[in-house]
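So the chains spell out like this:
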Amino acid sequence: MEPGVMVPAVLRAELMKLIVMVPTVLWAELMKLVMVVPAVLRAELMEQVVVLWLELIYPVVMWLRLKVLVKVSIEGMMLMVVLTDVVVMWLKDGQYTSKAELRKRIRQLKNGPGRNHTAGGRVEKSKGFSPNSFDRVLLDAPCSALGLRPRLFAGEDTIDSLRTHAKYQRRMFDQAVQLVRPGGVIVFSTCTINPGENEALVRYALDTYEFLSLASQHPKIGGPGLTGSCQLPDGFVEEWLKPGEENLVQRFDPSSDLDTIGFFIAKFSVGLKNI
């Protein structure tokens, strides 16, 4: 393809003028061009600009680098950054996109739309397992990871985000209950010290499924769980373990003498299901 065959002569002339300008002026002029080009033509023009860069502008920059190595090397890098930002702006219909946002969009194109838009092809193609397919299920649930060092109390989570973790864990636990057959075992674990994701999950499980019961664990190394309840700032009361249940779970606290990260383990025996 000949460089600039489909690029309008006026646009091609303006681009050639911009080559010899300082980077700040170059950016301002290119932004003007971006905003006046109709959106429907941007994809076609973008292809031509790339061709123009590869076959015409880049050789000029390389030739100038032989003349004034240091100065033009810096300007050449700035020109590449400017052109990259222009590409990103065209993709976003004239709106600037950060590099982090661009990487996120690339991941979405590769992996699917994600949990907030679960109509992705990968989700629809997954048939999953039939109910009562397993004797044992280990649910090492995604969590806030507040037990990990040095993340402990890193200030990245809010009360709302912690409650969101617990909500997802309950959904996962519901699926685990469906998958394990009567007489089986469910082991639930996290790497957080947040009771809302640990003891509160156990309370939810025992209150929701009458055929579940806490089972003793061997070896028993961790400390007891937390009993009682906690009222959150919004008035919601978070229920934890009842007296007598605390010794049937294992809570590992970084402040204990064991000197471990914080994590939690609960083991459930599955009786005859009534669902």
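Residue positions within a chain follow its written sequence, with the count starting from 1. Where totals are concerned, whole chains, interfaces and linings use all residues; where local detail is concerned, this predicted model gives features only for residues with pLDDT of at least 70, and gives and counts side-chain atom pairs only at 80 or more. Neither water nor hydrogens contribute to the side-chain values; these are computed over all heavy atoms in the structure.

Under an unreviewed UniProt entry, the protein has the name rRNA (Cytosine-C(5))-methyltransferase nop2c and belongs to Datura stramonium. In its Sequence similarities (unreviewed entry) section, the UniProt entry covering the protein states "Belongs to the class I-like SAM-binding methyltransferase superfamily. RsmB/NOP family." UniProt positions are given in the numbering used here, feature names are shortened, and annotations may be inferred rather than shown by experiment.

Helix and strand definitions follow DSSP, with helices as H or I runs of at least four residues and strands as E runs of at least two, each counted in order from the N terminus. The secondary structure content of the protein amounts to 8 helices and 7 strands. Any two residues whose heavy atoms approach within 4.5 Å are treated as being in contact. Restricting the contact set of the protein to residue pairs at least 6 apart, pairs at least 24 apart contribute 71%. Surface exposure of the protein reaches about 17000 Å², of which carbon and sulfur atoms provide 60%. Here the open area of atoms and residues is found with the Shrake-Rupley method and a 1.4 Å probe, where only the protein chains shown may cover a residue.

Right, let's get into helix α7 (residues 159–179). For α7, with 21 residues, the first-to-last C-alpha span of 31 Å sits near the 30 Å given by 1.5 Å per residue. Note on exposure labels: buried denotes an accessible area under 20% of the residue type's maximum, exposed denotes more than 50%, and partly exposed covers the range between, all computed with a 1.4 Å probe on protein chains only. Those residues of α7 lying buried are L162, A166, Q169, F173, A176 and V177. Looking down the long axis of α7, one finds its buried residues gathered within 90 degrees of arc, a one-sided arrangement. In this fold, the buried residues of α7 make contact with β1 (134–140), β2 (180–190), α8 (199–208), β3 (212–214) and β7 (263–270). What a helix is expected to span follows from its residue count: subtract one and scale by 1.5 Å. The directions considered for the arc run from the helix axis to the C-beta atoms.

Our focus in this paragraph is the confidence of the model for the protein. One number per residue, pLDDT, summarises how confident the predictor is, and it ranges from 0 to 100. Scored by pLDDT, the protein comes out at a mean of 74, with 51% of its residues at no less than 70. Confidence over residues 1–7 falls short of pLDDT 50; this stretch has 14 contacts with residues more than four positions distant or in other chains. Long-range and interchain partners of residues 67–78, a stretch whose pLDDT sits below 50, account for 7 contacts in this model, where long-range means more than four residues apart.

Turning our eyes to something else, we now look at the UniProt feature "binding site: S-adenosyl-L-methionine" (unreviewed entry) in the protein. The positions UniProt marks with the feature "binding site: S-adenosyl-L-methionine" (unreviewed entry) are D140. Leaving out residues up to four positions away in the same chain, D140 has contacts with S189 and T190. Identification of polar contacts relies on pairs of N or O atoms within 3.5 Å, with a donor-acceptor requirement for protein atoms, meaning one able to donate a hydrogen and the other able to accept it, and with residues adjacent in sequence counted only if both atoms are side-chain atoms. Of the polar contacts made by the side chain of D140, one reaches the side chain of S189; its length is 3.0 Å.

The next point concerns the side chain of T190. Relative to the helices and strands, T190 is located in strand β2. Take T190: its relative accessible area is 3%, and that puts it in the buried class. Reaching out from T190, the side chain makes a polar contact with the side chain of N198 at a distance of 2.6 Å. Setting aside anything within four residues of it in sequence, one finds T190 in contact with D140, C143, Q169, E197, N198, F263 and F264.

Attention now moves to the nonpolar core. Ranked by size, the top nonpolar core spans 24 residues in total, and within it F173, I186, F188, V202, L212 and F268 carry the most contacts. Among the secondary structure elements, those contributing two or more residues to this core are β1, α7, β2, α8, β3 and β7. Per element, the largest residue contribution to this core is 5 residues, and it comes from α8. Setting aside its immediate chain neighbours within four residues, V202 contacts L214, L241, F264, A266 and F268. Put simply, buried Ala, Val, Leu, Ile, Met, Phe, Trp, Tyr and Cys residues joined by side-chain atoms within 4.5 Å make one nonpolar core.

Once that is clear, we can look at the packing of aromatic side chains. Each aromatic pair joins two rings of Phe, Tyr and Trp (for Trp, the six-membered one) with centres within 6.5 Å, and gets the label stacked for planes under 30 degrees apart, edge-to-face for over 60, and tilted for any other angle. This structure, assessed with the given rule, holds 5 aromatic pairs. Between F173 and F188 the ring centres are 6.4 Å apart and the planes differ by 75 degrees, which places this aromatic pair in the edge-to-face class. Remark: F188 occurs in strand β2 and F173 occurs in helix α7; sequence separation between them is 15 residues. A single burial state applies to F173 and to F188, both of which are buried.

A few words now on unusual backbone geometry. Apart from glycine, the bulk of residues carry a negative phi angle, and the bulk of peptide bonds sit in the trans form. The omega torsion across H218 and P219 is 0 degrees, close enough to zero to call that bond cis. Relative to the helices and strands, P219 resides in the loop between β3 and β4 (229–231). One non-glycine residue with positive phi stands out, namely A145, at about 60 degrees. Structurally, the position occupied by A145 is in the loop between β1 and α7.

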